[in-house]
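Here's the letter readout for the chains.
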Amino acid sequence: MTTSPAGPPEASAAPAAPAAVPVGDHETQEVAGLAARLRDHRLSSRLTLEVAAARVGLSPAYLSRLETGRRQPSLPVLLGLARAYGTSVSGLLGETFTEPDPVVRGGAIEPGRAGGWGYRRAGAPGRAMQALRVHVPPGVQDAVVRVHPGEEWLYVLQGRLKLTLGERVHLLEEGDSAHFDSLTPHCIAADSSSGVELLFMHTLLQSPGGELCLGGGPAVPHH
């Protein structure tokens, strides 16, 4: 693992979201119905597009594209939406809670229909500790620096990961891992041409501070 200094995170540095990818007929098992669930959770929380988007640091137009399946949420956005709606990532992904099974079978991660982020459950739903296998695609990523209560742990399965923690940038190779307090400003992105596959765990702690995705003020909206 190598590290190099990086400047302080700045909300204004967040790039615009890449152009939407045309929606095709393919839906993976992991993300099927995600757009409809995002909308249903927002409506059940009695939040307008404008209010919900502001809580997560998105523009209403971008959130609308997520709810209509024209965009695929990145992992930080998915985490922010889960906090805003008082649910879990597993809930947004459509995992139903039954009698906990200690064994979770493996399988391939397919990219989402738009945006390329892929998710597969790696732990039992409804637990305080959430576990996912995540594929982060190469190219421009959601670079908004996130700050929220809880802890995060990740392990690089394939590829190379760029992890920004506070004022430092860490490059993690296959077999490297990181465990950090989510109140530390953080951002993840792929640093290899084929993307990066992670084993990712987090604790989803609910508190008023959890509504803030950026320290010191609201997140910069995506466009």
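## Focus: the overall build of the protein
Secondary structure assignment for the protein yields 5 helices and 9 strands. Scanning the protein from its N terminus toward the C terminus, one meets helices and strands in the order β-α-α-α-α-α-β-β-β-β-β-β-β-β. Within the protein, the fraction of its 223 residues that count as buried is 48%. Counted over contacts in the protein with a minimum sequence separation of 6, partners at least 24 positions apart contribute 72%. Taken as a whole, the protein presents about 10600 Å² of accessible surface, with 54% of it coming from carbon and sulfur.

## Points about helix H3 (residues 60-67)
Taken together, the buried positions of H3 are Tyr62, Leu63, Arg65, Leu66 and Glu67. Buried residues in H3 make contact with helix H1 (34-44), helix H2 (49-56) and helix H4 (75-84). Just past H3, the residue Gly69 takes up positive phi, approximately 80°.

## Comments concerning the packing of aromatic side chains
Enumeration over the complete set of coordinates arrives at 1 aromatic pair. Where Trp153 meets Tyr155, the ring centres are 6.3 Å apart and the plane angle is 15°; that geometry is what we call stacked.

## Side note on the sheet that holds strand S4 (residues 151-158)
Strand order in this open sheet of 5 strands is S2-S3-S9-S4-S7, and the pairing throughout is antiparallel. Each edge of the open sheet carries a strand with a single partner, namely strand S2 (118-121) and strand S7 (177-181). Each strand axis lies, on average, 20° off the axis of its neighbour in the sheet, ignoring direction. Here S4 runs beside strand S9 (residues 196-203); their pairing, made up of 6 bridges, is antiparallel. Within S9, the residue paired with Leu154 across the bridge is Phe200. In this fold H4 packs onto S2, strand S3 (129-136) and S9, with an angle of close to 20° to the strand it touches most, S9.

## Topic: the nonpolar core
Counting 39 residues, the largest nonpolar core has Leu75, Leu81 and Leu161 as the members making the most contacts within it. At 7 residues, the largest contribution of residues to this core is made by H4. Residues within four places of Leu161 in sequence aside, it is in contact with Leu154, Val156, His170, Leu171, Leu172, Ile188, Ala189, Asp191, Val196 and Leu198.

## Regarding the environment of Leu63
Summarising the element assignment, Leu63 is placed in helix H3. Apart from the residues lying within four places of it in its own chain, the contact partners of Leu63 are Arg42, Leu49, Ala52, Ala53, Leu58, Leu81 and Tyr85.

## Some points on the pairing of strand S5 (residues 161-165)
Most of S5 sits inside the fold, with 4 of its 5 residues counted as buried. With 5 bridges connecting them, S5 and strand S6 (residues 168-172) associate as antiparallel partners. When the bridges of S6 are listed, Leu163 appears paired with His170. In this antiparallel pair of consecutive strands, S5 and S6, the connection spans 2 residues, and Gly166 shows a positive phi of 65°.

## Considerations on the side chain of His186
Position of His186 relative to the elements: it lies in strand S8 (residues 186-190). Look at His186 and you get buried, because its relative accessible area is 6%. Polar side-chain contacts of His186 include one of 2.7 Å to the backbone oxygen of Thr184.

## Considering the side chain of Thr164
Here Thr164 is to be found in strand S5. Setting aside residues up to four positions removed in sequence, Thr164 forms contacts with Val169, Pro185, His186 and Cys187.

## Points about the pattern of salt bridges
When their charged atoms lie close together, side chains carrying opposite charge are able to pair. For the coordinates displayed, the defined rule picks out 4 salt bridges. The residue Glu173 makes a salt bridge to Arg160 at a minimum N-O spacing of 3.5 Å. Here the residue Glu173 occupies a position in the loop between S6 and S7, and Arg160 occupies one in the loop between S4 and S5, the gap between them amounting to 13 residues. Given the relative accessible area of 38%, Glu173 is considered partly exposed. Its relative accessible area of 30% is what places Arg160 among the partly exposed residues. For Asp191, the salt bridge goes to Arg160, with nearest N and O atoms at 2.9 Å. In this pair, Asp191 sits in the loop between S8 and S9 while Arg160 sits in the loop between S4 and S5, placing the two residues 31 residues apart along the sequence. Shared partners join several salt bridges into a network, and the residues in it are Arg160, Glu173 and Asp191.

What counts, and at which threshold
Residues numbered from 1 in each chain as written. Predicted model: local features only at pLDDT ≥ 70, side-chain atom pairs only at ≥ 80, totals over all residues. Heavy atoms only, no water. Helix = DSSP H or I, 4+ residues; strand = E, 2+ residues; numbered from the N terminus. Buried < 20%, exposed > 50% of the residue type's maximum accessible area, 1.4 Å probe, protein only. Contact = heavy atoms within 4.5 Å. Areas by Shrake-Rupley, 256 points an atom, 1.4 Å probe, with all protein chains shown as cover. Phe/Tyr/Trp six-rings, centres within 6.5 Å; stacked < 30°, edge-to-face > 60°. Pairing = 2+ DSSP bridges. Axes fitted to C-alpha atoms, helices over the stretch in contact; angles between N-to-C directions. Core = buried A, V, L, I, M, F, W, Y, C linked by side-chain atoms within 4.5 Å. Polar contact = N/O pair within 3.5 Å; in protein donor to acceptor, adjacent residues only side chain to side chain. Salt bridge = Lys/Arg side-chain N within 4 Å of Asp/Glu carboxyl O.

These results come straight from atomic positions and should not be treated as a statement about function.
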